[in-house]
Amino acid sequence: MKNVLKKIAALGMVAAIATSATGCATSNQSPSSGATSEKKSGSKTVITLGMHVANVDQQEPVTGKIIKAFEQANPNITVQIQGNDKDAHVNKMKLDAQSGELPDIFWMDSSVAPQLNSSGVLLDLSDFLKTYPAVNNALSENMKAASRSSDGKQYGLPYQSLVTGFWYNKAVFKRAGIDAPKNGTTYDELIKMVKALRAKGIIPIAQGAKDAYSVWGFLTGLERYGYFSKIDSILNGKAKFDNPDFLKYFSKINGLGKAGAFPSNCATSTYFQAKADFTSGKAAMFDSGVWDAGVLDKSIGKDVGFWWGPTFQDSSDNQKVSMNVSSAPFCVSKAVGDNQLKKDAVYKFLAFYYSKQAAKISYEGSIIPATNYKVDANLESKPAFKAVVTALQASGWSSPKAQPDLVLTEAVQAQLYDSIYGTMLGTYSPKEALEKIDSVQQQQ
Amino acid sequence: MHWLSKKRNILIMLIPTLIVYLVYMIIPIAMAIGYSFTKYTGIGNAKFVGFNNYIRLFRDHTFWIALKNTAVIFVIAFVLLMIGAFVVALLLNLNLKGKSFAQSLIFSPAVIAPIIVGILWVFILDPQIGLINAIIRSLGLGQGIKWIGGQTLTPVSVAIVYFWQQLGYLATIYLAGLKMIPVEIEEAAQIDGASAWQKLWYVTIPMMRSTISTVAILVITGTFKIFEIVQQLTNGGPNHISETLITYSYSATFTNGEYGYGMSLATATFFISLVVIAIYFGLSKEHSRKEAS
C-alpha cells in the first residue's frame with residue numbers, strides 16, 4: 001500500500017507539471033510488462049533491461065548485438081528491453097524505484113545512481129564480482145570504483161568505457177595550411193590555430209550549446225588544473241569552484257570564445273548540428289567521444305584524428321590527462337536478490353556482457369568496452385576508432401577516476417555545463433561562471 | 001425530466017466529471033504546492049524545508065529572467081492576439097470572395113503540433129541558417145539579426161511565433177461570437193444611423209463581452225504555458241537567458257533533479273497566472289460598471 005501511495009504521489013507531481021507543460025518528452029517502450037516479479041515464458045526466464053535509448057538496435061547497436069549473442073548462448077533466458085529517451089528513462093527509473101518496480105538491470109545516470117543506492121533499491125554487485133573473478137579482473141579498478149559507495153558497496157558496473165576528446169579533420173587543417181593538433185599541443189598553440197582557421201573561414205571547434213551537456217573535451221581540461229585533488233574539499237564545503245586554478249582554466253575557455261573558436265550560431269545549435277558542421281568539412285575540430293567513431297569512419301574516413309585537448313603552461317598539475325573512464329553504470333534492482341532463478345539469470349547476463357566475446361563485439365562496433373581483454377580486431381577499416389585506440393595507447397597519458405561532471409549531483413552537473421558554455425559564449429565572465437556553480441553546490 | 005431536475009440526481013451525474021477533475025487537476029496542484037515546501041530529488045523521501053525554496057526563488061536571477069521573458073511574451077501576444085484575432089474574425093464575417101479558403105489557411109497553424117511549429121520557426125529565425133537572415137544577407141543589408149539566442153529579441157520572437165500559431169484558432173472563437181449577435185440589433189443600429197465604427201464600438205464589442213473574456217483567458221493561460229516553442233527555438237538558452245517560467249520549472253525539476261524547487265517555480269507560475277486573470281476580470285468588471293452607470 002505504501003508503494004502504491006508513493007507511486008501515486010510521484011505520478012501526481014509529474015501530472016502537476018504536465019498541467020502546465022504538455023508533450024515534453026518522447027517515450028518509446030518496447031513491449032514489456034516491466035516489473036521485477038518472477039517471469040517465466042514457457043520454460044524461459046525473462047529478465048528486464050531498462051535502457052536510456054528508445055530503440056536499442058538502432059541507437060546502441062553494439063548492446064543490441066551483445067544481447068542477441070547472449071540469448072543465443074542462453075536459450076533459456078530472454079532479455080526484455082524497456083527503452084526510453086534518456087531524460088524520460090531517468091525519470092521513469094525514479095518513479096519505478098518509488099513503487100518497487102525497477103527493471104532487473106538498468107542503465108542509470110552517474111549522478112542519480114548514488115541516490116538510488118542511498119535509498120536502498122540497488123543490489124550489491126560485490127557478490128557477482130566474487131562469483132565471476134574473470135569479470136572482476138577484466139574491469140580495472142577505476143572502472144569499478146566509479147560505482148562504489150564509500151561503504152564499499154558495488155552498486156553498479158560500467159556500461160561501457162567513456163572516451164572523450166576532440167576529433168579533428170586532417171584535410172581541413174591541410175586546407176588551412178597549418179599542422180593538426182597532437183598530444184602536448186598547448187593552449188597558446190591552439191589559439192594560433194583558431195586564428196589561422198578563422199582566417200580561412202573555417203569553424204575551429206564545432207560546439208552546440210543547445211545541448212548543454214556537449215562539453216566533454218572541456219571537462220578533461222578541468223583535470224589539468226587539478227580537479228580531482230580539489231573536488232572532495234569543494235563537495236565538503238571546505239573549498240570552492242571559484243578558486244585561482246579553475247579561474248585560470250575558465251579564462252582560457254573565455255579566451256577561445258573571444259578568438260572565435262566556436263560557431264557563430266553556437267548558442268542555437270545542437271550537438272547534432274555541430275557534428276554535421278564537422279562531418280561536412282566546415283569545422284576543423286569537434287568536441288565529442290568514441291561513440292561517434294562509426295559515423296566519422298563513414299563521413300571523414302582516413303582524415304580523422306583524435307586529440308585529448310590542449311595542455312596549459314600556467315598549471316602545475318599533470319597535463320598528460322586522457323579521458324578513458326567508466327561511463328554511466330548498469331545497476332541491478334535489489335528485488336533480483338530475492339529470487340534465486342532471476343538472480344542466476346541476471347548474473348549470467350552480466351558475466352556475458354563483461355566477457356571477452358562481448359568485448360570483441362564492442363570493438364567490432366567501434367565501442368571501447370569497460371573490460372580490458374586483449375582482443376584481435378581488424379581496425380584498418382575503422383580509421384576513427386583506430387585513432388581513439390592510438391590515443392589511448394599514448395605513453396605517459398593517464399585517465400582520472402571519473403569524468404569530472406560524473407561525481408556531481410544532477411543540479412551541479414547542469415550548472416557546470418551551463419557555466420562552461422556561458423564562458424565560451426561570453427554570457428558569463430569566468431568568475432561569474434564559477435560563482436554560479438558554487439551557488440548551486442551550496443543549495444545541495 | 002422530473003428525475004433530472006432532482007438535485008441529488010444532478011450531483012450523481014456530476015460525480016464522474018468531478019472525480020476526473022479532482023484526480024487530474026486538484027490533487028496534482030495540491031501536491032505540487034506540498035512538494036514546493038520540500039527538498040526532493042525524486043528518490044527516497046521528500047524533506048520538509050519550509051519556505052526555503054521560495055526564498056531561493058526570490059534570490060534566483062534566472063527566475064527573474066524567466067519572469068521577465070514570460071511577461072514580455074504575455075504582453076506582446078496578448079495585445080497582438082486580442083486585437084489581431086478580432087480583426088481577422090471581423091474580416092471573415094464579411095461576405096468576401098474566398099472567405100472559406102482564407103479561414104482554412106488562417107486556422108491551419110493551430111492544427112500543427114507546437115513542437116513542429118518550433119522546429120519550423122528555427123529554420124526561419126536562426127541567426128545562421130534561418131530564412132530571414134539569409135534574405136537580409138542576400139540583400140546586402142549586413143549579417144542579420146539575432147532573432148533567437150540573444151537576450152533581447154528571443155521573447156519577442158517567441159511571442160510572434162505563438163501569435164502565428166494561435167491567430168486562426170482565436171479568430172474562429174471570435175467568429176462564433178460574432179455569428180451569435182442577433183442581426184436585428186445590427187439592423188436597428190444601422191436604421192438609427194450608426195456608422196460602421198459606432199456599430200462596432202457600441203453594439204458588436206459590448207455584445208461580444210463573454211467571448212472576449214473567453215479569448216482573454218485562453219491567451220493568458222496559453223502564454224503562461226508556452227513550452228515546446230521555446231524548447232525548440234532555444235531550449236531556454238543560451239545560459240537560461242531565454243527561459244520562461246514553465247521551461248525553467250521543467251529544467252529545474254527534470255534536468256537538475258530538484259523536484260522541490262521545480263514545484264515552487266510551478267506553484268509561483270500558477271499563482272502569477274491566477275493574479276493576471278484576476279486583474280483582467282477586475283479591470284473588465286470595473287469597465288462594465290462604468291459603462292452601466
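Quantities reported herein were computed from a predicted structural model and do not represent experimental measurements.

Rules of the game
Residues numbered from 1 in each chain as written. Chains lettered and ligands numbered in written order. Predicted model: local features only at pLDDT ≥ 70, side-chain atom pairs only at ≥ 80, totals over all residues. Helix = DSSP H or I, 4+ residues; strand = E, 2+ residues; numbered from the N terminus. Buried ≥ 20, exposed ≤ 12 C-beta atoms within 10 Å, placed from the backbone. Contact = placed C-beta atoms within 7 Å. Domains from an automatic or database assignment. Nonpolar A, V, L, I, M, F, W, Y, C, P; charged D, E, K, R; others polar. pLDDT = per-residue confidence, 0-100. Core = buried A, V, L, I, M, F, W, Y, C linked by C-beta atoms within 7 Å. Expected span 1.5 Å × (residues − 1). Arc of directions from axis to C-beta. Axes fitted to C-alpha atoms, helices over the stretch in contact; angles between N-to-C directions. Left-handed = near helix turned anticlockwise from the far one by under 90°. Pairing = 2+ DSSP bridges.

Undergrad: Looking at this structure, how should I read the overall build of chain B?
TA: Within chain B, the regular secondary structure consists of 14 helices and two strands. Its C-alpha atoms put chain B at 70 × 70 × 35 Å along the principal axes. Within chain B, the proportion of its 293 residues that are buried is 38%. Considering only intrachain contacts with a sequence separation of at least 6, the fraction spanning at least 24 residues in chain B is 66%.

Undergrad: Please explain the domain arrangement of chain A as it appears in this structure.
TA: By a widely used convention, the size of an interface equals the accessible area lost when the partners come together. Residue and element names in this part refer to chain A. Per the domain assignment, the segments of chain A are domain 1 (2-158 + 328-369) and domain 2 (162-324 + 385-443). One C-alpha centre belongs to domain 1, the other to domain 2; they are set 30 Å apart. Counting residues at the interface gives nine residues for domain 1, matched by 14 residues for domain 2. A breakdown of the residues in the side of domain 1 that touches domain 2 according to their chemical character gives five nonpolar, four polar and no charged.

Undergrad: I tried to follow the confidence of the model for chain A on my own but got confused; where do I start?
TA: Detailed conclusions should not be drawn from predicted coordinates in areas where pLDDT is low. Per-residue confidence for chain A gives a mean pLDDT of 88, with 91% of residues at or over 70. In the model, residues 1-40 of chain A has pLDDT below 50 throughout and makes 83 contacts with residues more than four positions away in sequence or in other chains.

Undergrad: How should the domain arrangement of chain B be read in this particular structure?
TA: All names here are of chain B. The domains assigned to chain B are domain 1 (76-234) and domain 2 (244-286). For domain 1 and domain 2, the distance between their C-alpha centroids amounts to 24 Å. Across the boundary between the two partners, domain 1 contributes 11 residues, which contact 11 residues of domain 2. Among the secondary structure elements, those contributing two or more residues to the side of domain 1 that touches domain 2 are α11 (209-224) and α12 (228-233). It is α11 that contributes the most residues to the side of domain 1 that touches domain 2, six residues altogether.

Undergrad: It is not clear to me how the nonpolar core should be interpreted in this structure. Could you clarify?
TA: Nonpolar side chains in soluble globular proteins tend to be buried together. Residues and elements named next belong to chain A. If you look at the biggest cluster of nonpolar residues, it comprises 129 residues, and the most contacted ones within it are Met 108, Leu 116, Trp 167, Ala 283, Met 285, Cys 331 and Phe 349. Here this core gets nine residues from one element, more than from any other, and that element is helix α19 (residues 410-425). The residues that make up this core include at least three from each of domain 1 (2-158 + 328-369) and domain 2 (162-324 + 385-443).

Undergrad: I keep staring at the environment of Asn 137 of chain A and nothing clicks. Help me out?
TA: Its location among the elements puts Asn 137 of chain A in helix α7 (residues 133-138). Put simply, Asn 137 of chain A and Tyr 373 of chain A are 236 residues apart on the chain and 9.4 Å apart in space, counted from C-alpha to C-alpha.

Undergrad: What am I meant to see in the confidence of the model for chain B here?
TA: For chain B, per-residue confidence averages 90 on the pLDDT scale, and residues scoring 70 or more make up 98% of the total. For this predicted complex, the interface confidence score (ipTM) comes to 0.75, while the overall pTM stands at 0.80.

Undergrad: What's the story with helix α13 (residues 244-258) of chain A in this structure? I'm lost.
TA: Side chains of residues three or four places apart in an α-helix project in the same direction, reflecting 3.6 residues per turn. All names here are of chain A. Here α13 is 15 residues long and its end C-alpha atoms lie 21 Å apart, about the 21 Å a rise of 1.5 Å per residue gives. For α13, the complete set of buried residues consists of Phe 246, Tyr 249, Phe 250, Lys 252, Ile 253, Leu 256 and Gly 257. Each buried residue of α13 lies within a common arc of 145 degrees when the element is viewed along its axis, so the set occupies one face. For α13, the exposed residues lying more than 90 degrees away from the buried face are Pro 244 and Lys 258.

Undergrad: How should unusual backbone geometry be read in this particular structure?
TA: Phi is mostly negative for residues that are not glycine, and the peptide bonds are mostly trans. All names here are of chain B. Non-glycine residue Asn 239 carries a positive phi angle of around 55 degrees. Among the structural elements, Asn 239 can be located in the loop between α12 and α13 (245-255). The backbone phi angle of His 240 is positive, close to 65 degrees, even though this residue is not glycine. Here His 240 is to be found in the loop between α12 and α13.

Undergrad: Quick question: what am I supposed to make of the interface of chain B and chain A here?
TA: Taken together, the contact between chain B and chain A spans 43 residues of the former and 37 residues of the latter. Looking at the side of chain B that touches chain A, the elements with two or more residues in it are α2 (7-35), α13 and α14 (259-292) of chain B. Tallying contributions element by element places α2 of chain B first for the side of chain B that touches chain A, with eight residues. In terms of residue class, the side of chain B that touches chain A is built from 22 nonpolar, 16 polar and five charged.

Undergrad: Please explain the packing of helix α3 (residues 61-73) of chain A against helix α17 (residues 356-364) of chain A as it appears in this structure.
TA: Residues and elements named next belong to chain A. Interaxial distance between α3 and α17 falls to 9 Å at its minimum, and their mutual angle equals 145 degrees. The way α3 lies across α17 gives a crossing that is right-handed. For the pair formed by α3 and α17, the contact residues are Val 62, Lys 65, Ile 66 and Ala 69 on the first element and Gln 357, Ala 358, Ile 361 and Ser 362 on the second. Grouping the amino acids of the contact of α3 with α17 by side-chain chemistry returns five nonpolar, two polar and one charged.

Undergrad: Help me understand the pairing of strand β6 (residues 161-169) of chain A in this model?
TA: Side-chain direction in a regular strand flips from residue to residue, so the side chains alternate between the two faces of the sheet. Residues and elements named next belong to chain A. Of all nine residues making up β6, nine are buried, and the element is well covered by its neighbours. Relative to strand β10 (residues 324-326), β6 runs antiparallel, the two sharing three bridges. Counted as the bridge partner of Leu 162 is Val 325 from β10. As defined by bridge partners, β6 adjoins strand β8 (residues 283-289) across five bridges and the pair is classed as antiparallel. Bridge assignment links Phe 166 to a residue of β8, and that residue is Asp 287. Relative to strand β9 (residues 304-307), β6 is paired through four bridges, and the arrangement is antiparallel. The residue of β9 that forms the bridge with Tyr 168 is Gly 305.

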